[in-house]
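Listed below, chain by chain, are the residues.
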Amino acid sequence: MSGWRAEAAARGRAPGERDVRGGTPGVSPARHGAAAATLEGRSLRPAARMELSSAEGASTRFLGLTQRSVSEDLGCRRGEFSRKHYGSVELLISSDADGAIQRAGRFRVENGSSGENMDYAPGTWHRTDVHLENPEYHTRWYLKYFLGKVHQNYVGTDAEKNPFFLSVVLSEQNNQRIPQYHSILWRKTGTQKICLPYSPTKTLSVKSILSAMSLDKFEKSPREIFHPEIQKDLLVLEEQEGSVNFKFGVLYAKDGQLTDDEMFSNETGSESFQRFLHLLGDTITLKGWSGYRGGLDTKNDTTGTCSIYTVFQGHEIMFHVSTMLPYSRENKQQVERKRHIGNDIVTIIFQEGEESSPAFKPSMIRSHFTHIFALVRYNKQNDSYRLKIFSEESVPLFGPPLPSPPVFTNHQEFRDFVLVKLINGEKATLETPTFSQKRQRTLDMLIRSLYQDMMPDLHKGNNMLNRRSFSDVLPESPKSTRKKEEARQAEFVRLGQALKLKTTVKGDTTANLATTSFCKKEPWESQSFCSNFPHEVVCADSWGQSLLVSTDAGILLIDDGQPSVQVFDKTLQIKQMNVLEALDLLIARTDKGKDSRILVFRLSAVQKDIETKKVIRSKYDCRENKLERTKGCHLYAINTHHGSELRVVAAIRNKLLLVTKKYNSDDTSVSASLLSSPESPAEEFQYIREICLSDPPVVMTLVDGPTGDSDNMICVAYRHQFDLINESTGESYRLHHVETNRVNFVAAIDVYEDGEAGLLLCYNYVCQYRKVYPFSGHSPLVQPSAYDFHFSWNQVPYAVVCAFPYVLAFTTDSIEIRLVVNGNLVHTAVVPELQLVASRSDIYFKATAAVSGSSDSSSKEMSSKSSPQTPTAYEKPELPLPSLEGIKKTWCFVLPKRRSHNLNHLGSRLSNVFAVF
């Protein structure tokens, strides 16, 4: 078994400070036991490892009641995040030298979060959360997976008579040899991409693929397109998603300049400006330039003789530098310069002068096209750069968030941060109504035109279109037509390979990330924890630096480098568990059906049994540990943050049972009070009430009200809906209705934005964020909010975990990592036979793979920024794993967590991510 493991820091908790938390607060019993839990939000946290010598004995190995893991203490608090880390919207007004108002506009201003306790000098931190969002090597599927390979393309019309195209390919993921179906649905509203698992015994039809994409009704059923030229048209459709190369404006502003005419009229820049340009890229001669030109003239020098160019993570970038574009003494408005920079979506403003000088405002620039301005100032005294970002109000949030203060003394790190921020900003701008509506019109026109071209063939039913189902295409063709089919496929592949080569040479594709990545640690890198784990894992939860695991052989305690310890024998079948070290409690749900129960144990008593090597407990030794009224429980959830009581809600068919356990938050002697208590804590729990539902819940999560006084709620999922239940009154409120025929509920994750409750609702491929505010009496208002958003996973997950600022989806063979704040993809890792094990403070998952040798996971130096990367074939990155020599190993990974309210500093202190076998 293996996992991402956060190492415990040797720091204690403040006197009297406690939290209540659990490993699996809302579990769907039908999916991977407790691994399919609805998990509370938490943040990634780095920590320094607590070294324990062997002489300290077994008691310290389990981190006693007075000495707990800070990773656990800080990583499990309620999932709080704030959009304030991404700036606030302000009305910006510019005026001329006489004070007359020129222009005004609403922009979101990012200047680094204020009011935070800083424990490092500005610019000395090293971030690991600087990621390109929705990177092309993950999103350009048709170019990556389809072109140059045998695949199927289909055409049809939906119930509203809108044409659509569907592309399907069976491909293997890297050297892991995991076959998957990649599917792309092309519609006027955009593209939808999903992965479906391959089964050699189960056929897959076109209609089943479209049903998974929520397209069930057709005006005309889909037919296959055999003509190889269709690949050219589909590649054009994919190119509408945006360019893989970028052009950014760079405008030089002297101290005191307040108008764009003044800034554009600067004929030359200062020495510090020249150093900044050299940092961005290299000076290239335009005449005869064969790379990406960004709209500049490379034949007749009409747009200047030189420019600044670079390649960053496979993207070619051309900078439109104001002082390098043609200058005209007769034209005060410098139209030629404005023609280029004014039509750039993103512009860098390099402003001279002290911080006290009049600052740049976006309203100073007369442009309806530029949506993002990056203001850069250079400080000669400490050789540092300060960054400030202005985004037009309609631009969606994008990362990475600026540090506080936004000062960089490491120039290379500053360059990387700026380029990532600007690329992400331009991609985000393309989602604004100005651009998205235009893109949708273009896509609609292209799809309809392509459909009209095929109409004659649709009516003729000739060999270009056919009604064969997808499952019929995969087997070998009959002997009579095999040669003809092989010839058609050969021509199909030849044309696809030629198109891919032409696109690559033209520079319309990014290079493989592995050839252009930084030499830096990513938050998802791994390290071995326990190898060759021989048992099937049902559920687990972390206990100090150890892992308490329910297996087919009983309940085991596993520690890094130590033999596993049997805690309970196999007669006790635990399906769901929570280790609450702050309360000295182990909560567990056992068995199935009518014999299911919730059991509660004292951790100190369990630890004592282990230390004294008493007889291993069985289910017959747990009669005193049963919670009353919980017989038949198929699911339970607990509250997971600070409070005056522990709340447990047990689901028994369609009934919810609310049970609480109060504790004294002023008691600073935690271990003394708990160790003096009776061995079984079952009698300390108090039955509160019973709530009846219309159906048994599949997913359940507790949501904390703003006061905690009669306004706590329970989110439940059943049938085709998510409902909110008031704990005090039992009243039910419809939160979200799922408009699909079949629903696979995954999770309902409680997150808190600036103290206000919200829920991340996960089902099928969809993740939907719903704000739950404000409260009217005891009733939450759940009407649609401007803060609501949704995104889609590429595969149907069986579990979703929040580790701020990320949200992770676990599928059968991959981990998909996105940002909570906007749902943008940052990484996908292929992990064979993946099963989530635990995720309370650290995220443990196991995977099994037969590997013949080590995978090439080392970070490679990014080549010189002066020359473009040699484009290579697309490959999906794998999680770096240690070398395995022909042995079938089981893996589990752990993400370190940290305080979520320091979201903008997340990456500055992230340590390695650890793997557990």
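Everything numeric in this text was worked out from a predicted model, so none of it was measured.

A. View of the sheet that holds strand β21 (residues 546-551). As summarised here, the arrangement of the four strands in space is β20-β21-β22-β23, forming an open sheet in which the pairing is antiparallel. The two strands at the open ends of the sheet, each matched to only one other strand, are β20 (537-543) and β23 (565-568). Taking the axes of each pair of neighbouring strands and ignoring which way they run, one obtains an average angle of 25° across the sheet. With three bridges joining them, strand β22 (residues 554-558) and β23 adopt antiparallel strand pairing. Residue pairing in the sheet places Ile555 in a bridge with Phe568 of β23.

B. Up close: the packing of aromatic side chains. Under the definition given, this model contains 27 aromatic pairs. Between Phe722 and Phe745, the ring centres sit 5.0 Å apart and the planes meet at 85°, which makes this aromatic pair edge-to-face. Taken as a pair, Phe722 in strand β33 (residues 721-726) and Phe745 in strand β35 (residues 745-753) lie far apart in primary sequence, 23 residues in all. Residue class for Phe722 comes out buried when judged on its relative accessible area of 0%. In textbook terms, an aromatic cluster arises when at least three aromatic residues are bridged by ring pairs, as seen for Tyr252, Phe273, Phe276, Phe350, Tyr378, Tyr385, Phe408, Phe414 and Phe417. In this structure, Arg629 is placed above the aromatic ring of Tyr687, and the distance from its NZ or CZ to the ring centre is 3.9 Å.

C. View of unusual backbone geometry. A cis amide bond, omega 0°, links Gly399 with the succeeding residue Pro400. With respect to the element layout, Pro400 can be found in the loop between β17 (384-392) and β18 (407-408). Omega for the peptide link from Phe804 to Pro805 comes to 10°, which places this bond in the cis form. Mapped onto the elements of the fold, Pro805 is located in the loop between β41 (799-803) and β42 (806-810). Of note, Lys161 is a non-glycine position whose phi angle comes to about 65°, a positive value. Tracing the backbone shows Lys161 in the loop between β6 (152-158) and β7 (163-172). Taking the relative accessible area as the measure of exposure, Lys161 reaches 57% and is therefore exposed. Even without a glycine there, the phi angle at Asp301 is positive, about 60°.

D. Quick look at a positive patch on the surface. Taken together, the side chains of Lys594, Lys619, Arg623, Lys626, Lys631 and Arg653 present a region of like positive charge at the surface. Of note, Lys594 is situated in the loop between β25 (585-590) and β26 (597-602).

E. Molecular detail of the nonpolar core. Counting 41 residues, the largest nonpolar core has Val250, Phe276, Phe319, Ile348, Leu387 and Phe414 as its most contacted members. Elements supplying a minimum of two residues to this core: β11 (246-253), α8 (271-280), β13 (306-312), β14 (315-321), β15 (346-351), β16 (372-379), β17 and α10 (411-429). The greatest single-element share of this core, amounting to eight residues, is contributed by α10. With sequence-adjacent residues up to four places away left out, Val250 is seen in contact with Phe273, Phe276, Leu277, Leu280, Phe319, His320, Val321, Ser322, Ile341 and Ile348.

F. Layout of the side chain of His131. Among the structural elements, His131 can be located in the loop between β5 (101-110) and α3 (136-139). Taking relative accessible area as the criterion, His131 reaches 7% and is therefore assigned buried. Among the polar contacts listed, one links the side chain of His131 to the side chain of Tyr806, at a separation of 2.7 Å. Other than its neighbours up to four places away in sequence, His131 contacts Val420, Asn424, Glu522, Pro523, Trp524, Tyr806 and Val826.

G. Looking closely at the sheet that holds strand β24 (residues 574-580). One open sheet accounts for three strands, arranged β24-β25-β26; its pairing is antiparallel. Strand pairing shows two members of the sheet lacking a second neighbour, β24 and β26, which therefore form its edges. The mean angle between the axes of side-by-side strands here comes to 15°, regardless of whether they run parallel or antiparallel. Pairing of β24 with β25 involves six bridges; the strand directions are antiparallel. When the sheet's bridge partners are listed, Asn578 is paired in β25 with Ile587. Along the sheet, helix α14 (residues 603-612) makes contact with β24, β25 and β26, crossing β26 at roughly 70°.

H. Geometry of empty space enclosed by the protein. This model, assessed by the stated rule, comprises six cavities of 30 Å³ or more. In this structure, the largest cavity spans a volume of roughly 90 Å³. Along its surface, the largest cavity is lined by twelve residues, and Tyr86, Asp129, Pro400, Pro401 and Leu819 are the ones closest to its centre. Of the residues that constitute the lining of the largest cavity, the class distribution is seven nonpolar, three polar and two charged.

I. A look at the packing of α8 against α10. Two elements in contact, α8 and α10, have axes separated by 10 Å at closest approach and are oriented at 65°. When the axes of α8 and α10 are compared, the pair comes out roughly perpendicular. Viewed along their axes, α8 and α10 form a crossing whose handedness is right-handed. Along the contact surface, α8 presents Phe276, Leu279 and Leu280, while α10 presents His411, Phe414 and Arg415. By residue class, the composition of the contact of α8 with α10 is four nonpolar, one polar and one charged.

Calculation criteria
Residues numbered from 1 in each chain as written. Predicted model: local features only at pLDDT ≥ 70, side-chain atom pairs only at ≥ 80, totals over all residues. Heavy atoms only, no water. Pairing = 2+ DSSP bridges. Helix = DSSP H or I, 4+ residues; strand = E, 2+ residues; numbered from the N terminus. Axes fitted to C-alpha atoms, helices over the stretch in contact; angles between N-to-C directions. Phe/Tyr/Trp six-rings, centres within 6.5 Å; stacked < 30°, edge-to-face > 60°. Buried < 20%, exposed > 50% of the residue type's maximum accessible area, 1.4 Å probe, protein only. Lys NZ or Arg CZ within 6 Å of the ring centre and 35° of its normal. Patch = residues over 30% accessible without salt bridge, like charges linked within 9 Å, V, L, I, M, F, W, Y side chains within 5 Å. Areas by Shrake-Rupley, 256 points an atom, 1.4 Å probe, with all protein chains shown as cover. Salt bridge = Lys/Arg side-chain N within 4 Å of Asp/Glu carboxyl O. Lys, Arg positive; Asp, Glu negative; His and termini not counted. Charge placed at Lys NZ, Arg CZ, Asp CG, Glu CD. Core = buried A, V, L, I, M, F, W, Y, C linked by side-chain atoms within 4.5 Å. Contact = heavy atoms within 4.5 Å. Polar contact = N/O pair within 3.5 Å; in protein donor to acceptor, adjacent residues only side chain to side chain. 1 Å grid on protein atoms, 1.4 Å probe; cavity = no way out; pocket = protein on both sides within 12 Å on 5 of 7 lines; lining within 4 Å. Points joined across faces, edges and corners; volume = space filled by probe spheres on them. Nonpolar A, V, L, I, M, F, W, Y, C, P; charged D, E, K, R; others polar. Parallel < 35°, antiparallel > 145°, perpendicular 65-115°, else oblique. Left-handed = near helix turned anticlockwise from the far one by under 90°.

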